[in-house]
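Observations on chain architecture
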Amino acid sequence: MWRVARCAAASLRQSPRRFSTAIHGPCIVHKRGADILHDPWFNKDTGFPLTERDRLGLRGLLPPRVISFEHQYVRFMESYQSLEKNTRGQHDNFVSLAKWRILNRLHDRNETLYYRVLIDNIKNFAPIIYTPTVGLVCQNYSGLFRRPRGMYFCARDKGEMMSMIHNWPAQEVDMIVLTDGSRILGLGDLGVQGIAIPIGKLDMYVAAAGINPQRILPVMLDVGTNNQKLLDDPLYLGLRQPRLEGEEYLSIVDEFMEAVHARWPKAIVQFEDFQMKWAFETLDRYRKRFCMFNDDIQGTAGVALAGLLGTVRAQGRPLADFANQKIVVVGAGSAGLGVLKMALQAVSRMAGPQADPHFFLLDKDGLITKERKDIDPAAVPFAKTQGEIKGLGLSEGASLTEVVKKVKPHVLLGLSGVGGVFNEEVLKAMRESDSTKPAVFAMSNPTANAECTAIEAFKHAGEDIVFASGSPFSDVNLGNGKIGHVNQANNMYLFPGIGLGALLSGARIITDRMLQAAAECLASYMTDEEIRRGVLYPSIDSIRDITAEVGAAVLRTAVVEEVAEGHGEVGSKELSHMSKEETLQYVKDNMWYPVYSPLVHEK
Ligand SMILES: NC(=O)C1=CN([C@@H]2O[C@H](COP(=O)(O)OP(=O)(O)OC[C@H]3O[C@@H](n4cnc5c(N)ncnc54)[C@H](O)[C@@H]3O)[C@@H](O)[C@H]2O)C=CC1
Ligand SMILES: CC(=O)C(=O)O
Ligand SMILES: [Mg+2]
């Protein structure tokens, strides 16, 4: 009823795991013949019906047999499965890249089929198009490069961006993911090669939020790199210069934001994998002027908070007990500080602004206290005073092991980007935790950068822990029929819903309360029974469902916050009159789902 008018190419109510036989509205195409076959958006490969082949000048350009969408799907899955079989026993990275290649080739050729296989097999394919394999793709991007995807703005383009933005062929863009490649996952500065991250994030937008892939735009802002290995690499495809700094840097980001806003005033920009100083600076600079958010600071915070509230429930305690949880956060970067900031807001709401939460923050130099020289301003609110830690026998720069042994935390949460920092000694110290169900969150990506593996966590910290990691691990067989459940604490459970809710509300800006609504929605999604079993987040198989819920929660809060300006033909008044159920239905009705629509040629 409230579906927003757009090319009916495949705008269909979500019907996962079924091949709908419904008739779909036609899609207008301005090309003919071979041009259509070479356009992944319209291409159906051997799936063009004979009438369409006639209409579009395709007769003779394809083998005569028409293969149905269902059959094409099965054929692709069969070739994927034989790749899996044929590469069994080979090196993990080799296998992962081979899987990425076969998916990427389909993406380049036939987007409708690509997104269908992705959506229907998201659990299998997310680790390929997203973390961890996307990290490997970034590391090898210049060598893997065959075709561009998205837009590349570089330092040399200063003064040209207003016109360059019009080089993007799509008329409309809803969702942009932007990186400067300066902190790609836990892999550091990867320069232009970081473009694979926006591509992977936007694939998740299509798969989870049903954002129309014709209206997404991955963007790389190449301001140079400080990665000497890349600068020395003859294959490197980015600018061969050190990173711009200070005002020079900001003027590039400013120009990009202005250019985007001039062409697509309602587009949402997600900042992704910026090094900490620019992550915070750009968020402060733009969040009141543009509809934007920083996923690493804000998306991650919401997902972590939902997990932290889940661990309180897993202990059989009331949510208000969150204010008493002792939480050790390892990593004082954009992600760690974002988590603590949101956790602090939650504690204030629950126990009042005078509440004194028991948060301990460590970085590469150990426990952060007020004694710390050159302390980052963003870390100041979480730095301990001497008075707070004296009784525990801790001091400035105390090691992680010492902190865990003395604090006996309920939760140990890693966002350090350093693989293995939760070593045997640290994990064993968690056995002395004051919690009946201690939690270990090893949230750094990709897999090799996780603070510990799932097996290590259950082995050393004990079988009663709750475990979560940023990249996927398999559940752990604990013997005697017991299974250690592995949660994936990854911002993928929130950013698609934040973007979707902001889009469909036509939000002017993204407020803290919209982000809080997203986190609360995720936190309340799991049943008590699931939480008791240590299941804090939904299975990735349900990501479309949780994203619709999160999107609806964000949208409703945008209305309450009076930042919703409406989307398409649905005005802000109509949005404000929708019940909770109607909002959810509106969101679901606007989620794109891939089907072949009849193509009609127009000059
Ligand atoms: N699971 C998820 O959804 C997300 C995970 N992440 C991951 O978090 C990690 C960090 O990201 P950012 O905060 O943006 O990076 P960042 O570079 O801003 O911060 C890293 C922090 O870790 C600290 N650190 C480094 N070595 C350490 C050590 N040995 N012990 C303790 N602390 C140490 C640094 O001092 C710094 O404070 C990355 O691996 C990233 O992939 C980030 C966002 C979302
Ligand atoms: C998941 C994510 O955004 C990161 O690791 O940076
Ligand atoms: Mg990120």
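Residues numbered from 1 in each chain as written. Chains lettered and ligands numbered in written order. Predicted model: local features only at pLDDT ≥ 70, side-chain atom pairs only at ≥ 80, totals over all residues. Heavy atoms only, no water.

The next subject is the site of ligand 2. Neighbouring ligand 2 are the residues Tyr130, Arg183, Leu185, Lys201, Glu272, Asp273, Asp295, Asp296, Asn445, Asn490 and Asn491. Between glutamate 272 and ligand 2, the recorded distance is 3.0 Å, taken from a side-chain N or O atom to an oxygen atom. Within the side chain of aspartate 296, one N or O atom sits 3.0 Å away from an oxygen atom of ligand 2. In isolation ligand 2 exposes 220 Å². Once the protein is present, 90% of that is buried. Tallied by class, residues from the shell around ligand 2 come to two nonpolar, three polar and six charged. (Near = heavy atom within 4 Å. Polar contact = N/O pair within 3.5 Å; in protein donor to acceptor, adjacent residues only side chain to side chain. Areas by Shrake-Rupley, 256 points an atom, 1.4 Å probe, with all protein chains shown as cover. Nonpolar A, V, L, I, M, F, W, Y, C, P; charged D, E, K, R; others polar.)

Right, let's talk about the pattern of salt bridges for a bit. Throughout the structure, instances matching the rule amount to 36 salt bridges. The shortest N-O distance in the salt bridge between aspartate 273 and arginine 183 comes to 3.1 Å. On the criterion of sequence distance, the pair formed by aspartate 273 in the loop between β5 (268-271) and α13 (276-286) and arginine 183 in the loop between β3 (175-179) and α10 (196-209) is long-range, its members being 90 residues apart. On the accessibility criterion, aspartate 273 (1% relative accessible area) is buried. Using a relative accessible area of 23% as the deciding quantity, one classes arginine 183 as partly exposed. Arginine 372 is the salt-bridge partner of aspartate 365, the closest N and O atoms lying 4.0 Å from each other. On the basis of relative accessible area, aspartate 365 is assigned to the partly exposed category, the value being 45%. (Salt bridge = Lys/Arg side-chain N within 4 Å of Asp/Glu carboxyl O. Helix = DSSP H or I, 4+ residues; strand = E, 2+ residues; numbered from the N terminus. Buried < 20%, exposed > 50% of the residue type's maximum accessible area, 1.4 Å probe, protein only.)

Once that is clear, we can look at the coordination of the magnesium ion (ligand 3). Expected angles at a metal are 109.5 degrees for tetrahedral coordination by four donors and either 90 or 180 degrees for octahedral coordination by six donors. The protein atoms donating to the magnesium ion (ligand 3) are Glu272 (OE), Asp273 (OD) and Asp296 (OD), with metal-donor distances spanning 2.0 to 2.1 Å. All donors of the magnesium ion (ligand 3) come from a single chain, and their spacing in sequence reads E-D-x22-D. Here glutamate 272 is found in the loop between β5 and α13, whereas its partner aspartate 296 is found in helix α14 (residues 295-314), with 24 residues between them in sequence. (Donors = N, O, S within 2.8 Å, 3.2 Å for Na, K, Ca; no water.)

It is worth spelling out the environment of isoleucine 102 at this point. Within the fold, isoleucine 102 resides in helix α4 (residues 92-109). Isoleucine 102 sits 214 residues away from glycine 316 along the chain, and the two C-alpha atoms are 46 Å apart.

Two modes of strand pairing occur in sheets, parallel and antiparallel, and in both the strands are linked by backbone hydrogen bonds. What the five strands build is an open sheet, ordered β2-β4-β3-β5-β6; its pairing is parallel. Only two strands of the sheet have a single partner each, and these edge strands are β2 (151-154) and β6 (292-294). Sheet twist, expressed as the average angle between the axes of neighbouring strands with direction ignored, equals 20°. Two strands pair when backbone bridges link them, and β5 and β6 are joined in this way by three bridges, in the parallel orientation. Within β6, the position partnered with valine 269 by the bridge is methionine 292. (Pairing = 2+ DSSP bridges. Axes fitted to C-alpha atoms, helices over the stretch in contact; angles between N-to-C directions.)

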